[in-house]
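Structural characterization, general
Single-letter residue listing:
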Amino acid sequence: MSKLDEMGTKVRKLQLRAAIAKMKLRDLAEDLPGKWTDIEEVAEEASAVFAELHGAKREFAAMKKLR
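Right, let's walk through the structure included here. Counting starts from 1 at the beginning of each chain's written sequence and moves along it residue by residue. Residue-level local features of this predicted model are given only where pLDDT is at least 70; pairs of side-chain atoms are given and counted only at 80 or more, and the full residue set underlies all totals for whole chains, interfaces and linings. To obtain the side-chain values, all non-hydrogen atoms of the structure were used and water was disregarded.

1. Here we look at the overall build of the protein
- Where helices and strands are cited, they refer to DSSP runs of H or I of at least four residues and of E of at least two residues respectively, numbered from the N terminus. If you tally the helices and strands in the protein, you get two helices and zero strands.
- Only the C-alpha atoms count toward the radius of gyration. The rule for a globule is 2.2 Å times the residue count to the power 0.38. In terms of overall size, the protein is more extended than a compact globule, its C-alpha atoms giving a radius of gyration of 15 Å where 67 residues would be expected to give roughly 11 Å.
- C-alpha extents for the protein along the principal axes are approximately 50 × 15 × 15 Å.
- Note on classification: 1.4 Å probe, protein chains only; a residue is buried when its accessible area is under 20% of the maximum for its type, exposed when over 50%, partly exposed between these limits. Every one of the 67 residues in the protein was classed for burial, and the buried ones make up 19%.
- Contact definition: two residues touch when any of their heavy atoms are within 4.5 Å. Contacts spanning at least 24 positions in sequence make up 72% of the contacts within the protein whose residues lie at least 6 apart.
- Each accessible area is a Shrake-Rupley estimate made with a 1.4 Å probe; only the visible protein chains count as cover when residues are assessed. Total accessible area on the protein stands at roughly 5300 Å², and carbon and sulfur atoms take up 57% of it.
- When the 14 basic and 12 acidic side-chain charges of the protein are each reduced to a single mean position, those positions are 12 Å apart. A residue counts as positive if it is Lys or Arg and as negative if it is Asp or Glu; His and the chain ends are not included. A single reference atom marks each charge: NZ on Lys, CZ on Arg, CG on Asp, CD on Glu.

2. A few points about the nonpolar core
- Among the nonpolar cores identified, the biggest contains seven residues, and these are Met7, Val11, Leu14, Ala18, Val49, Leu53 and Ala56.
- Those elements that provide at least two residues to this core are α1 (3-30) and α2 (39-66).
- Sort the elements by how many residues they give to this core and α1 lands first, with four residues.
- Excluding anything up to four places from it in sequence, Val11 contacts Leu53, Ala56, Lys57 and Phe60. Residue types Ala, Val, Leu, Ile, Met, Phe, Trp, Tyr and Cys, when buried and joined through side-chain atoms within 4.5 Å, form a set referred to as a nonpolar core.

3. Here's the deal with α2
- By this rule, a helix spans an expected 1.5 Å times one less than how many residues it contains. With 28 residues, α2 ought to run about 40 Å at 1.5 Å a step, and its terminal C-alpha atoms sit 41 Å apart, in line with that.
- Buried residues along α2 sit in contact with α1.

4. Quick look at the pattern of salt bridges
- Salt bridges are identified by distance alone: a Lys or Arg side-chain nitrogen within 4 Å of an Asp or Glu carboxyl oxygen. Enumeration according to the criterion identifies three salt bridges in this entry.
- Among the salt bridges present, the one from Lys24 reaches Glu45, with a minimum N-O distance of 3.1 Å. Taken together, the residues span a long stretch of sequence, with Lys24 in helix α1 and Glu45 in helix α2 at a distance of 21 residues.
- You can call Lys24 partly exposed: its relative accessible area is 40%.
- Arg26 is the salt-bridge partner of Asp27, the closest N and O atoms lying 4.0 Å from each other.
- Here Asp27 falls in the partly exposed class, since its relative accessible area comes to 37%.

The following block contains the structure:
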């Protein structure tokens, strides 16, 4: 498998993780105010996943340009 294929796979996996994180945020919002203590943890997790996805997408785009 080429580096480009590996990066594409990584981006797809991160997109799935980001979608799950987004659903957790939405579910948490529906459970408020009861689960307000979970806000920071869930938000940090979602932020980390989306930041990693953003970086991977940029790297993937750069790799495609160099190809």
